[in-house]
Amino acid sequence: MNEIPKPKAPEEPSIAFYERQGSEYVANQREFYSGNKDTGREFFRNALAQNIDQLTIADVGCGAGDDAITYKQMGAARVFGIEPSRVMLAEAEKTVEKSGLAVELMQGKWDHIPLPDASVDAITARYSFHVAPDLDCSYLEAARVLKKGGIFLIGVPHPNHDAKVVAEQNLKPGEKMKVPLFHGKFTVDIPPHTMGEYLSATCQQYFEVEEQVGYSMHEDETEKEPTGLLLKLRRK
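Numbering of residues starts from 1 in each chain and follows the order in which that chain's sequence is written. Totals for whole chains, interfaces and linings use all residues, but because this is a predicted model, local features are given only for residues with pLDDT of at least 70 and pairs of side-chain atoms are given and counted only at 80 or more. Here the side-chain values reflect all heavy atoms present in the structure, with hydrogen atoms and water set aside.

## Section: the overall build of the protein chain
And then number 1: Broken down by element type, the protein chain carries 8 helices and 9 strands.
And then number 2: Principal axes of the C-alpha set define a box for the protein chain whose edges measure 45 × 40 × 35 Å.
And then number 3: We call a residue buried when its accessible area falls under 20% of the maximum for its residue type, exposed when it is over 50%, and partly exposed in between, using a 1.4 Å probe and counting protein chains only. For the protein chain, with 236 residues in total, the buried portion stands at 50%.
And then number 4: Contact definition: two residues touch when any of their heavy atoms are within 4.5 Å. The contacts of the protein chain with a sequence gap of at least 6 include a subset with a gap of at least 24, amounting to 71%.
And then number 5: Per-residue and other accessible areas were derived by the Shrake-Rupley procedure at a 1.4 Å probe size, with only the shown protein chains allowed to occlude residues. On the protein chain, roughly 11,800 Å² of surface is accessible, and the fraction owed to carbon and sulfur atoms is 48%. Runs of H or I in DSSP of at least four residues are treated as helices and runs of E of at least two as strands, each being numbered from the N terminus.

See the structure below:
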């Protein structure tokens with residue numbers, strides 16, 4: 001078996017926003033999605049539904065733990081919630097305690113997922129992967145943790161939409177986008193990415209692309225161009 005190169009740990013991504021406003025963010029996020037269709041969540045749930053009782057799932061960038069809880073409610077054999085922010089991890093602990101379900105929480109990040117080699121059947125990354133400081137490094141770490149044949153589900157802003165925002169905000173290379181969330185209640189700094197970065201040579205070395213879906217992230221969007229991108233990758 002070819003050994004996966006050990007990722008060179010990049011600088012820790014900025015989590016200052018979540019450390020400052022994590023609890024308020026979670027409340028607004030839940031309120032927003034309670035009244036809006038979430039195509040990304042549906043995509044993830046459908047991809048995991050078959051044989052879920054046999055799956056060990058790692059939700060990386062789990063936030064307040066809502067998705068991790070959902071996977072356990074669906075019958076997953078084992079679920080890990082992994083989150084870099086201490087504040088968000090504390091929110092996840094509240095969510096898990098309230099649910100009474102067995103979800104295992106731990107602090108970790110994309111360049112260091114605190115799980116053994118080939119230990120999970122699925123990794124989920126719903127709007128966490130795009131803020132990783134080095135996507136290729138993250139692909140290497142995901143490939144290490146996943147079993148052969150395991151799936152990697154990714155939900156990110158669509159690169160075409162990123163390019164549009166970069167042009168509108170007249171950003172220079174390396175500058176982050178200012179992105180409003182939940183009808184403008186928050187503004188976060190997000191790095192733009194291209195499709196080539198998401199489907200890089202490193203990605204294709206370790207993963208097969210099984211599904212690639214562009215969609216409108218919110219029901220009320222009328223733009224013709226998709227604003228979200230969903231990927232289902234299969235570990236080679």
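Back to the write-up after that little detour.
## Side note on unusual backbone geometry
Negative phi characterises most residues that are not glycine, and trans characterises most peptide bonds.
And then number 1: With phi around 60°, Asn 51 is a residue other than glycine that occupies positive phi space.
And then number 2: Within the secondary structure, Asn 51 sits in the loop between helix 2 (39-49) and strand 1 (56-60).

## Thoughts on the packing of helix 1 (residues 16-34) against helix 4 (residues 86-99)
And then number 1: Between helix 1 and helix 4, the shortest axis-to-axis distance is 7 Å and the interhelical angle comes to 40°. One finds that helix 1 runs oblique with respect to helix 4. Here helix 1 and helix 4 pass one another in a crossing that is right-handed. Each of Tyr 18, Glu 19, Gly 22, Ser 23, Tyr 25, Val 26 and Arg 30 in helix 1 lies in contact with helix 4, whose residues at this interface are Arg 86, Val 87, Met 88, Glu 91 and Thr 95.
And then number 2: Under the grouping applied here, Gly and all other residues not named as nonpolar or charged are polar, the nonpolar ones being Ala, Val, Leu, Ile, Met, Phe, Trp, Tyr, Cys and Pro and the charged ones Asp, Glu, Lys and Arg. A per-class count over the contact of helix 1 with helix 4 returns 5 nonpolar, 3 polar and 4 charged. Orientation is described by lines fitted to C-alpha atoms, with helices fitted over the stretch in contact, and by angles between N-to-C directions that extend from 0 to 180 degrees. Throughout this description, any angle smaller than 35 degrees is read as roughly parallel, any larger than 145 degrees as roughly antiparallel, any in the 65 to 115 degree range as roughly perpendicular, and the remainder as oblique. Handedness of a crossing is defined here by the sense of rotation of the near helix relative to the far one, left-handed for an anticlockwise turn of less than a right angle and right-handed for a clockwise turn.

## Describing the sheet that holds strand 1
And then number 1: One open sheet accounts for 7 strands, arranged 3-2-1-4-5-9-8; its pairing is mixed. In this open sheet, the two edge strands, each paired with only one partner strand, are strand 3 (103-107) and strand 8 (207-215). Put simply, the sheet's adjacent strands are angled 15° from each other on average, direction ignored.
And then number 2: A strand pair is defined by DSSP finding two or more bridges across the two strands. Both strand 1 and strand 4 (residues 120-126) contribute to a ladder of 3 bridges, which runs parallel. Bridge pairing links Asp 59 to Thr 124 in strand 4.

## Thoughts on the environment of Phe 129
And then number 1: Residue placement: Phe 129 occurs in the loop between strand 4 and helix 5 (135-145).
And then number 2: A C-alpha to C-alpha distance of 17 Å links Phe 129 and Phe 17, two positions 112 residues apart in sequence.
And then number 3: Not counting the four nearest positions on each side in its chain, Phe 129 is found in contact with Trp 110, Leu 135, Ser 138, Tyr 139, Phe 152, Ile 154, Val 156 and Tyr 198.

## Concerning the packing of aromatic side chains
For any pair of aromatic rings, geometry is given as the distance between the ring centres together with the angle between the planes.
And then number 1: Two rings belonging to Phe, Tyr or Trp (six-membered ring only in the last case) form a pair when the distance between their centres is within 6.5 Å. Interplanar angles under 30 degrees mark stacking, angles over 60 mark edge-to-face geometry, and anything in between is tilted. Per the counting criterion, the structure on display carries 17 aromatic pairs.
And then number 2: Residues Phe 17 and Tyr 18 carry aromatic rings whose centres are separated by 5.0 Å and whose planes lie at 85° to one another, so their mutual orientation is edge-to-face.
And then number 3: By relative accessible area, Tyr 18 is classed as partly exposed at 27%.
And then number 4: Seen from their ring centres, Trp 110 and Phe 152 are 5.9 Å apart, and the 40° between their planes marks the pair as tilted. Residue Trp 110 is located in the loop between strand 3 and strand 4, and its partner Phe 152 is located in strand 5 (residues 146-157); the two are separated by 42 residues in the primary sequence. Like Trp 110, the residue Phe 152 is buried in the burial classification.
And then number 5: One aromatic cluster in this structure is built from Phe 17, Tyr 18, Tyr 25, Phe 32, Tyr 33, Phe 182 and Phe 186.
And then number 6: Here, over-ring charges are defined by two tests on the NZ atom of lysine or the CZ atom of arginine: distance to the ring centre within 6 Å, and angle to the ring normal within 35 degrees. Sitting over the face of the ring of Tyr 33, Arg 41 holds its NZ or CZ atom 5.6 Å from the ring centroid.

## Thoughts on helix 3 (residues 66-73)
The α-helix advances 3.6 residues per turn, and as a result positions three or four apart in sequence lie on the same side.
And then number 1: Counting buried positions along helix 3 yields 6 of 8 residues, so the element is predominantly enclosed.
And then number 2: Taken together, the buried positions of helix 3 are occupied by Asp 67, Ala 68, Ile 69, Thr 70, Tyr 71 and Lys 72.
And then number 3: Immediately downstream of helix 3, the backbone of Gly 75 shows phi near 110°, a positive value.

## Quick notes on the pattern of salt bridges
And then number 1: The term salt bridge refers to a side-chain nitrogen of Lys or Arg lying within 4 Å of a carboxyl oxygen of Asp or Glu. By the definition in use, this model includes 16 salt bridges.
And then number 2: Note that Arg 126 and Asp 67 form a salt bridge whose closest N and O atoms lie 2.7 Å from each other. Here Arg 126, found in strand 4, pairs with Asp 67, found in helix 3; they are 59 residues apart in sequence, far enough to count as distant. When sorted by exposure, Arg 126 lands in the same class as Asp 67, which is buried.

## Details of the environment of Glu 19
And then number 1: Residue placement: Glu 19 occurs in helix 1.
And then number 2: Sequence separation between Glu 19 and Pro 159 is 140 residues; the distance between their C-alpha atoms is 27 Å.
And then number 3: A polar side-chain atom of Glu 19 sits 2.4 Å from a polar atom in the side chain of Ser 85.
And then number 4: Counting of polar contacts relies on pairs of N or O atoms within 3.5 Å, with two restrictions inside protein: one atom must be capable of donating a hydrogen and the other of accepting it, and residues adjacent in sequence are counted only when both atoms are side-chain atoms. At 3.2 Å, the side chain of Glu 19 forms a polar contact with the backbone nitrogen of Arg 86.

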